[in-house]
Amino acid sequence: DTAVSQTPKYLVTQMGNDKSIKCEQNLGHDTMYWYKQDSKKFLKIMFSYNNKELIINETVPNRFSPKSPDKAHLNLHINSLELGDSAVYFCASSHGSTNIQYFGAGTRLSVL
Amino acid sequence: AQSVSQHNHHVILSEAASLELGCNYSYGGTVNLFWYVQYPGQHLQLLLKYFSGDPLVKGIKGFEAEFIKSKFSFNLRKPSVQWSDTAEYFCAVNAGNNRKLIWGLGTSLAVNP
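Residues numbered from 1 in each chain as written. Chains lettered and ligands numbered in written order. Predicted model: local features only at pLDDT ≥ 70, side-chain atom pairs only at ≥ 80, totals over all residues. Heavy atoms only, no water.

Draft legend 1. Spotlight on the state of the cysteines. All names here are of chain B. For the structure on display, the rule yields 2 disulfides over all chains. Disulfide partner of C23: C91, at an S-S distance of 1.9 Å. Taking the torsion about the sulfur-sulfur bond, which here is approximately -65°, the covalent link between C23 and C91 counts as left-handed. One end of the pair, C23, is in the loop between β3 (19-21) and β4 (24-26); the other, C91, is in strand β10 (residues 87-95), and 68 residues separate them in sequence. Classification of C23 by relative accessible area gives buried; the value is 0%. (Disulfide = S-S within 2.5 Å. Helix = DSSP H or I, 4+ residues; strand = E, 2+ residues; numbered from the N terminus. Buried < 20%, exposed > 50% of the residue type's maximum accessible area, 1.4 Å probe, protein only.)

Draft legend 2. Local environment of the pattern of salt bridges. Summed over the entire model, instances satisfying the criterion amount to 7 salt bridges over all chains. A salt bridge links A:E58 to B:K100; its shortest N-O distance comes to 3.1 Å. On the criterion of chain membership, the pair formed by A:E58 in the loop between β6 (53-57) and β7 (64-70) and B:K100 in the loop between β10 and β11 (102-103) is interchain, its members lying in two chains. Each of the salt bridges in this network shares a partner with another, and the network as a whole consists of B:K58, B:E64, B:E66 and B:R77. (Salt bridge = Lys/Arg side-chain N within 4 Å of Asp/Glu carboxyl O.)

Draft legend 3. Quick peek at the side chain of A:Q101. Considering the arrangement of structural elements, one finds A:Q101 in the loop between β9 (87-94) and β10 (102-103). In terms of polar contacts, A:Q101 uses its side chain to reach the side chain of A:N99, at 3.2 Å. Sequence-distant contacts of A:Q101, defined by excluding residues within four places in its chain, comprise A:Y33, A:Y35, A:A92, A:S93, A:S94, B:Y36, B:R99, B:L101 and B:W103. (Polar contact = N/O pair within 3.5 Å; in protein donor to acceptor, adjacent residues only side chain to side chain. Contact = heavy atoms within 4.5 Å.)

Draft legend 4. Fine view of the interface of chain B and chain A. If you look at the interface, chain B gives 19 residues, while chain A gives 25 residues. Summing both partners gives a buried area of about 1800 Å² for chain B against chain A, and 58% of it is carried by carbon and sulfur. The largest per-residue losses of area from chain B upon contact with chain A belong to B:R99, B:K100 and B:W103, which jointly make up 38% of the total buried on that side. On the surface where chain B and chain A come into contact, there are 1 salt bridge. Where chain B meets chain A, there are 4 residue pairs in polar contact (both at pLDDT 80 or more). Counting residues per element, the ones that place at least two in the side of chain B that touches chain A are β5 (31-38), β6 (44-50) and β10 of chain B. Its residues assigned to classes, the side of chain B that touches chain A shows 9 nonpolar, 6 polar and 4 charged. (Buried area = accessible area lost by both parts, 1.4 Å probe. Nonpolar A, V, L, I, M, F, W, Y, C, P; charged D, E, K, R; others polar.)

Draft legend 5. Broad picture of the layout of surface pockets. By volume, the largest pocket amounts to about 280 Å³. A:K41, A:V88, A:F90, A:R108 and B:G41 are the residues nearest the centre of the largest pocket, which is lined by 19 residues in total. Elements with a contribution of two residues or more to the lining of the largest pocket: β9 and β11 (107-111) of chain A. A breakdown of the residues in the lining of the largest pocket according to their chemical character gives 6 nonpolar, 9 polar and 4 charged. Roughly 150 Å³ of volume is contained in the second largest pocket. A:F42, A:L43, A:K44, A:I45, B:K100, B:L101, B:I102 and B:W103 are the residues that line the second largest pocket. (1 Å grid on protein atoms, 1.4 Å probe; cavity = no way out; pocket = protein on both sides within 12 Å on 5 of 7 lines; lining within 4 Å. Points joined across faces, edges and corners; volume = space filled by probe spheres on them.)

Draft legend 6. Spotlight on the packing of aromatic side chains. According to the stated counting rule, one finds 14 aromatic pairs over all chains in the structure shown. Ring geometry for B:Y25 against B:F72: centres 5.6 Å apart, planes inclined by 75°, an arrangement best described as edge-to-face. One end of the pair, B:Y25, is in strand β4; the other, B:F72, is in the loop between β8 (64-68) and β9 (73-78), with 47 residues separating them in the sequence. Judged by relative accessible area, which is 7%, B:Y25 ranks as buried. Members of the aromatic cluster, connected to one another through ring pairs, are A:Y33, A:Y35, A:F90, A:F103, B:F34, B:Y36, B:F51, B:F90 and B:W103. (Phe/Tyr/Trp six-rings, centres within 6.5 Å; stacked < 30°, edge-to-face > 60°.)

Pasting the structure below:
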């Protein structure tokens, strides 16, 4: 009954590979987000979807492509992985104008 | 551009000491303010929030924060910390009518038993 769930929790892969991270929320929220947290704990917004429409698209390499098949899901596909992509990726969701964001447990991506 | 500044990057305290973490933001209009906590190896959780009303807000685990509009500040306080408060603390601001949170760089708190 986890509110915001991400899979996988850990992802170890080689440079140049393509990988996907999935996120699902069962809170009935209308907005979902992807964040990247680096080794210094700096949290950076990457993308946000509201009702399946892209509303935030920060300066992120084109190798990162989000997809939102419906309001409850937001996936992140990464092409041609690079060493610098190693980080923890957090999914979050929120509803309405309060913008209280609820976070998933994170996906720790290690690119070797 | 809107920004959030957390003054203390690393704080080390002994148990029972009092805590105050600074947070300042730059935006002249209406704001929603948040403090999130990230325990080691875990995800971010909401500690407390301010939208309107009483500028002194109370959150979970004995934390409170005070919104001082004239100082553009939203400092986090706890009278007596515990070892279990060891975590990363993030201040965030939602400015204007949009879905984006502006995040501070975080403060790492270590509480020694």
